[in-house]
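These are the residues of each chain, in order.
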Amino acid sequence: MTMDFATVLAQWPMFLKGLALTALLTAVATPLGVALGVACAWMRLNAGPVLRFVVSAYVEVFRNTPFIIQLFFLFFGLPSLGLRLSPETASILAMTLNLGAYACEQVRAGIQATPRGQIEAAQSLALTRWQIFTRVVLPPSLGRVWPALTGQIILVMLGSAVCSQISTEEISYAANLISSRTFRSFEAYIVVTLIYLGLAVLLRQLLNWFGPRFVFGRRR
């Protein structure tokens, strides 16, 4: 078999457009998903029984169903209830909800590992519950679970490949289109595999740099 990468690489504007959209989806869904996970973790530990049940149900549903089913429900199911989403909006919402469910349990584990003495020391300084959570409990908790959270964010970014199934024009959508136009499927998917690999490595490095400086306050 003779491989012809030149034909595939000639479609670089399409790859670039898909790469930009994948990066945008990830950049929007990541902070929203982490914030949702933190909020849900706090509610599972401190809210009333009804709210705890609602959050627990959300976490169990999204952790135990395929991402593509969640995506299809939002894009194809919600219009029957009168709520129609664009492919990009549905993709971001699905990625956010999926990441939030996993982040909730990871952050909750970090919070529960907080030594009781730290909380008592903060209470003795007359800090409010909000100040104790945001300044004493949350930063070191995120530090404990940051490697796992980083891995989950990367998995969500890679999972965005299925968003092409609802016509979101990200990288895998571009690869499918280029493959159908050039009949060079093998070469097209090798290129897109390398792009995803590069994205994953770059995202991990970025999160490893960003976390200690801006999230949980450690300096390296």
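For the structure itself, consult the block above.
Here is what the cut-offs are and how they apply
Residues numbered from 1 in each chain as written. Predicted model: local features only at pLDDT ≥ 70, side-chain atom pairs only at ≥ 80, totals over all residues. Heavy atoms only, no water. Helix = DSSP H or I, 4+ residues; strand = E, 2+ residues; numbered from the N terminus. Buried < 20%, exposed > 50% of the residue type's maximum accessible area, 1.4 Å probe, protein only. Contact = heavy atoms within 4.5 Å. Areas by Shrake-Rupley, 256 points an atom, 1.4 Å probe, with all protein chains shown as cover. Polar contact = N/O pair within 3.5 Å; in protein donor to acceptor, adjacent residues only side chain to side chain. Salt bridge = Lys/Arg side-chain N within 4 Å of Asp/Glu carboxyl O.

Asker: Help me understand the overall build of the protein, please; the structure alone is not making it clear to me.
Answerer: When helices and strands are counted, the protein shows nine helices and zero strands. Listing each helix as α and each strand as β along the protein from the N terminus yields α-α-α-α-α-α-α-α-α. In the protein, which comprises 220 residues, the proportion classed as buried is 44%. Expressed as a percentage of contacts within the protein between residues at least 6 apart in sequence, the contacts between residues at least 24 apart total 74%. Just so you have it, the protein exposes about 11,800 Å², and 67% of that area is on carbon and sulfur atoms.

Asker: Help me understand the environment of E105, please; the structure alone is not making it clear to me.
Answerer: With respect to the secondary-structure elements, E105 resides in helix α5 (residues 87–112). E105 sits in the buried class, given a relative accessible area of 18%. When neighbours within four sequence positions are excluded, E105 is seen to be in contact with R44, V59 and R63. Here R108 takes part through its side chain, which lies 2.7 Å from a polar atom of the side chain of E105.

Asker: What's the story with the pattern of salt bridges in this structure? I'm lost.
Answerer: Where charged atoms of side chains with opposite charge meet at close range, the side chains can pair. Evaluation of the coordinates by the stated rule reveals five salt bridges. Salt-bridge contacts for K17 lead to E169; the nearest nitrogen and oxygen are separated by 2.8 Å. Pair noted here: K17 is in helix α2 (residues 12–46) and E169 is in the loop between α7 (129–159) and α8 (171–182), with a separation of 152 residues, a long-range link. According to the relative accessible area criterion, E169 is partly exposed, its value standing at 30%. Its salt-bridge partner being E187, residue R184 comes within 3.3 Å of it at the nearest N-O pair. Taking the relative accessible area as the measure of exposure, R184 reaches 27% and is therefore partly exposed.

Note that all results are geometric; they support no functional claim without further evidence.
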